[in-house]
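Survey of secondary and tertiary structure
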Amino acid sequence: MEASRARAVAGTLLVAGGALTVLGFVTAEALYPGYSAADQTISALGAASAPAASQAVFNGTMVVAGLAMAAVAPLLREVYDQSLLTGVFAVAGVGVVGVGVFPTQTGILHVIAATIAFVGIGVAALVAAATTVHGAMRYVSVALGVAELVAFVLFATVGGGTPLGIGGLERWVAYLGLAWVLAFGGYLLGAADAR
């Protein structure tokens with residue numbers, strides 16, 4: 001596949017996967033009466049204790065969005081020939097899939113998958129800044145990647161010990177990563193159009 005087409009497909013997958021994730025969160029929350037964005041984690045939307053509709057939407061969204069992210073990895077290899085970026089994208093995508101396949105009641109498997117997803121996306125932003133993106137997008141990648149990783153460390157160490165609650169703090173982690181995924185997808189689409 002030629003580089004311009006690979007950029008366009010990768011950008012489309014990232015924008016679609018990012019948008020699907022945001023909409024999946026919102027939809028699963030709407031299908032979960034009494035759900036608290038402050039007091040419950042995002043993954044509670046897919047737990048066995050959640051309503052069946054919320055579970056289906058959340059877990060299905062994670063699997064589809066993760067597969068989209070993993071599918072971007074070989075496309076990036078076509079464009080940039082960067083094995084580190086390709087590997088990080090593939091691993092992060094597998095982590096996102098794992099969040100849907102291993103809901104919270106699976107314990108350590110869910111924790112591992114979520115950690116791989118969160119850390120993987122933050123690291124992908126930093127690797128992209130160091131190896132592939134240029135101009136303002138480089139600064140955006142560094143800022144969002146660092147912010148997501150800092151938010152993740154706070155989430156892992158402080159948990160619900162902030163005014164945001166555990167769910168609010170986890171949303172900082174998730175939405176910073178989603179902001180970068182959407183921005184990078186747009187960057188790739190713009191680069192594809194420019195060539």
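The sections below set out a description of the structure shown in this document. (Residues numbered from 1 in each chain as written. Predicted model: local features only at pLDDT ≥ 70, side-chain atom pairs only at ≥ 80, totals over all residues. Heavy atoms only, no water.)

**Some thoughts on empty space enclosed by the protein**
Under the counting rule described, the total for this entry stands at 1 cavity of 30 Å³ or more. Put simply, the largest cavity is a space of about 320 Å³. Lining of the largest cavity is provided by 25 residues; of these, Thr-21, Met-62, Val-96, Ile-121 and Leu-178 occupy positions nearest its centre. Secondary structure elements with two or more residues in the lining of the largest cavity: helix 1 (3-30), helix 2 (52-80), helix 3 (83-101), helix 4 (108-131) and helix 6 (165-194). Per-element tally for the lining of the largest cavity: the top contributor is helix 1, with 6 residues. Residues of the lining of the largest cavity, tallied by class, amount to 17 nonpolar, 6 polar and 2 charged. (1 Å grid on protein atoms, 1.4 Å probe; cavity = no way out; pocket = protein on both sides within 12 Å on 5 of 7 lines; lining within 4 Å. Points joined across faces, edges and corners; volume = space filled by probe spheres on them. Helix = DSSP H or I, 4+ residues; strand = E, 2+ residues; numbered from the N terminus. Nonpolar A, V, L, I, M, F, W, Y, C, P; charged D, E, K, R; others polar.)

**Things to note about a nonpolar patch on the surface**
On the surface, Val-91, Val-101, Phe-102, Ile-108, Leu-109, Val-111, Ile-112 and Ile-116 cluster together into a nonpolar patch covering about 660 Å² of accessible area. Elements with a minimum of two residues in the nonpolar patch: helix 3 and helix 4. It is helix 4 that provides the largest number of residues to the nonpolar patch, a total of 5 residues. Residue class for Phe-102 comes out partly exposed when judged on its relative accessible area of 31%. (Patch = residues over 30% accessible without salt bridge, like charges linked within 9 Å, V, L, I, M, F, W, Y side chains within 5 Å. Areas by Shrake-Rupley, 256 points an atom, 1.4 Å probe, with all protein chains shown as cover. Salt bridge = Lys/Arg side-chain N within 4 Å of Asp/Glu carboxyl O. Buried < 20%, exposed > 50% of the residue type's maximum accessible area, 1.4 Å probe, protein only.)

**Things to note about the side chain of His-110**
Residue position: His-110 is located in helix 4. Judged by relative accessible area, which is 7%, His-110 ranks as buried. Those residues in contact with His-110 that lie beyond four places of it in its chain are Ser-43, Val-99, Phe-102, Pro-103 and Thr-104. (Contact = heavy atoms within 4.5 Å.)

**Side note on the packing of helix 1 against helix 2**
At a minimum axis separation of 8 Å, helix 1 and helix 2 run at an interaxial angle of 165°. Considering their axes alone, helix 1 and helix 2 lie roughly antiparallel with respect to each other. The two elements helix 1 and helix 2 meet at a crossing, and its hand is left-handed. Within the contact of helix 1 with helix 2, the residues separate by chemical class into 20 nonpolar, 6 polar and 2 charged. (Axes fitted to C-alpha atoms, helices over the stretch in contact; angles between N-to-C directions. Parallel < 35°, antiparallel > 145°, perpendicular 65-115°, else oblique. Left-handed = near helix turned anticlockwise from the far one by under 90°.)

**Side note on the layout of surface pockets**
Taken as a whole, the largest pocket spans an internal volume of roughly 170 Å³. Thr-41, Ser-43, Thr-104, Gly-107, His-110, Val-111, Ala-114, Thr-115, Phe-118, Phe-152, Phe-155 and Glu-170 together form the lining of the largest pocket. Ranked by residues supplied to the lining of the largest pocket, first place goes to helix 4 with 5 residues. Looking at the lining of the largest pocket residue by residue, the classes come out as 5 nonpolar, 6 polar and 1 charged.

**Considerations on the environment of Leu-84**
Along the chain, Leu-84 turns up in helix 3. Leu-84 gets classed as exposed once you look at its relative accessible area, which sits at 52%. Considering only alpha carbons, one finds Leu-84 and Arg-171, 87 residues apart in sequence, at a separation of 27 Å.

**Let's talk about the packing of aromatic side chains**
Think of a pair of aromatic rings as described by two things: how far the centres are apart, and how the planes are tilted against each other in angle. For the structure on display, the rule yields 8 aromatic pairs. On the numbers, 6.0 Å between centres and 70° between planes, the contact of Phe-25 with Tyr-175 is edge-to-face. Of the two residues, Phe-25 sits in helix 1 while Tyr-175 sits in helix 6, which places them 150 residues apart along the sequence. You can call Tyr-175 partly exposed: its relative accessible area is 31%. Between the aromatic rings of Trp-180 and Phe-184, the centroid separation amounts to 4.9 Å while the plane-to-plane angle is 10°, which identifies the pairing as stacked. Placement of both Trp-180 and Phe-184 in helix 6 is noted, with a separation of 4 residues, approximately one turn of the helix. Classification of Trp-180 as buried rests on a relative accessible area of 1%. (Phe/Tyr/Trp six-rings, centres within 6.5 Å; stacked < 30°, edge-to-face > 60°.)

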